[in-house]
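Coordinates in review
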Amino acid sequence: KDIWQDIYASFLGLKSPAAALKKWDARGSVEAGETRTRTMFWLESLAEMGTPQPGISADTFSYAVFRNADTGKTTYIAHNISDKPKTIRFSDGTELAAQARSLARVVKNTEGR
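Residues numbered from 1 in each chain as written. Predicted model: local features only at pLDDT ≥ 70, side-chain atom pairs only at ≥ 80, totals over all residues. Heavy atoms only, no water.

Describing the overall build of the chain
Quick reminder of the rule: Going along the chain from the N terminus, every DSSP run of H or I of four or more residues is numbered as a helix, and every run of E of two or more is numbered as a strand. Burial status follows relative accessibility: with a 1.4 Å probe on protein chains alone, a residue under 20% of its type maximum counts as buried, one over 50% as exposed, and anything between as partly exposed. Whether two residues are in contact is decided by their heavy atoms, any of which lying within 4.5 Å being enough. Values of accessible area rely on a 1.4 Å probe in the Shrake-Rupley scheme; residue burial ignores everything except the protein chains shown. Asp and Glu are treated as the negative residues and Lys and Arg as the positive ones, with His and the ends of the chain left uncounted. Charge positions are represented by NZ for Lys, CZ for Arg, CG for Asp and CD for Glu.
For the chain, the count of helices and strands is three helices and six strands. Listing each helix as α and each strand as β along the chain from the N terminus yields α-α-α-β-β-β-β-β-β. Seen along its three principal axes, the alpha-carbon backbone of the chain occupies a region of about 50 × 35 × 15 Å. When the 113 residues of the chain are sorted by exposure, 34% land in the buried category. For the chain, restricting intrachain contacts to residue pairs at least 6 apart in sequence, the fraction spanning at least 24 positions comes to 42%. Accessible area of the chain: about 7300 Å², with a carbon and sulfur share of 55%. Once the 16 positive and 13 negative side-chain charges of the chain are each reduced to a mean point, those two points are 3 Å apart.

Here it is as structure tokens:
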């Protein structure tokens, strides 16, 4: 009944984190190589940050943008793999200062966009 429930929940979370958390059975089965902890982290992160915003791009390959419609906040995340600090620029004008070899994040109130 619940085979692959972790995979389904992970994908559903990309569209509706609240629905994915509601359907998630913490005692249900998980796919080989997966863990309940990773799935819960993924779902809780999406519940906090919101859904992916593929319409916003960045001038680096390792980035993501999420928008939480309930809070009106947008989270910008980027990984700077270089050995020097770098400013990541997003297509909506947001800039993110990322230290060398680190993950950086900024949260902006973008309600009304």
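Topic: the environment of Phe90
Checked against the element boundaries, Phe90 lands in the loop between β4 (86–89) and β5 (95–98). Taking the relative accessible area as the measure of exposure, Phe90 reaches 5% and is therefore buried. Measuring from C-alpha to C-alpha, the distance between Phe90 and Ser57 comes to 5.6 Å, with 33 residues separating the pair along the chain. Those residues in contact with Phe90, other than ones at most four positions away along the chain, are Ile56, Ser57, Ala58, Tyr63, Val65, Tyr76, Ile77, Ala78 and Leu96.

Concerning the nonpolar core
Applied cut-off: Nonpolar cores are built from buried Ala, Val, Leu, Ile, Met, Phe, Trp, Tyr and Cys residues. Side-chain atoms within 4.5 Å join them into one set.
The biggest cluster of nonpolar side chains holds ten residues, and these are Ile56, Ala58, Val65, Tyr76, Ala78, Ile88, Phe90, Leu96, Ala98 and Ala104. When residues of this core are traced back to their parent elements, those giving at least two are β3 (73–80) and β5. Leaving out residues up to four positions away in the same chain, Ala58 has contacts with Tyr63, Ile88, Arg89 and Phe90.

What about the pattern of salt bridges?
Formally: Think of a salt bridge as a Lys or Arg side-chain nitrogen and an Asp or Glu carboxyl oxygen that are within 4 Å of each other.
In total, this model carries three salt bridges according to the counting rule given. One salt bridge in this structure joins Arg89 and Glu95, with 3.4 Å as the shortest N-O distance. The class of Arg89 is partly exposed, set by a relative accessible area of 43%.

Things to note about the environment of Leu43
Its place among the elements puts Leu43 in helix α3 (residues 36–49). In this structure Leu43 comes out as buried when scored by relative accessible area, which is 0%. When the C-alpha atoms of Leu43 and Ala100 are compared, they prove to be 28 Å apart, with 57 residues separating the residues in sequence. If we skip the residues at most four places from it in the chain, Leu43 touches Ala9, Ser10, Gly13, Pro17, Ala20, Leu21 and Trp24.

What to know about helix α1 (residues 5–15)
Side chains that are three or four residues apart share a direction in an α-helix, a result of its 3.6 residues per turn. The following threshold applies: As used here, the arc is the angular range of directions from the helix axis to the C-beta atoms.
Along α1, the residues that are buried comprise Gln5, Asp6, Ala9, Ser10 and Gly13. An end-on view of α1 places all buried positions within 135° of arc, on one side of the element. Of the exposed residues in α1, the ones pointing more than 90 degrees away from its buried face are Tyr8, Phe11 and Lys15.

Comments concerning the packing of α1 against α3
Put simply, the rule is: Lines fitted to C-alpha atoms define the axes, with helix axes restricted to the stretch in contact, and inter-axis angles between N-to-C directions lie between 0 and 180 degrees. Any angle between 65 and 115 degrees counts as roughly perpendicular, while under 35 counts as roughly parallel, over 145 as roughly antiparallel, and the rest as oblique. Left-handed describes a crossing whose near helix is turned anticlockwise from the far helix by less than a right angle; the clockwise case is right-handed. When residues are sorted by character, Ala, Val, Leu, Ile, Met, Phe, Trp, Tyr, Cys and Pro go into the nonpolar class, Asp, Glu, Lys and Arg into the charged class, and all the rest, Gly among them, into the polar class.
Running from N to C, α1 and α3 point in directions that differ by 15°, and their axes come no closer than 9 Å. Taken together, α1 and α3 sit at an angle that is classed as roughly parallel. The two elements α1 and α3 meet at a crossing, and its hand is left-handed. Note on element contacts: α3 touches α1 through Arg38, Thr39, Trp42, Leu43 and Leu46, opposite Asp6, Ala9, Ser10, Gly13 and Leu14. The residue makeup of the contact of α1 with α3, split by class, is five nonpolar, three polar and two charged.

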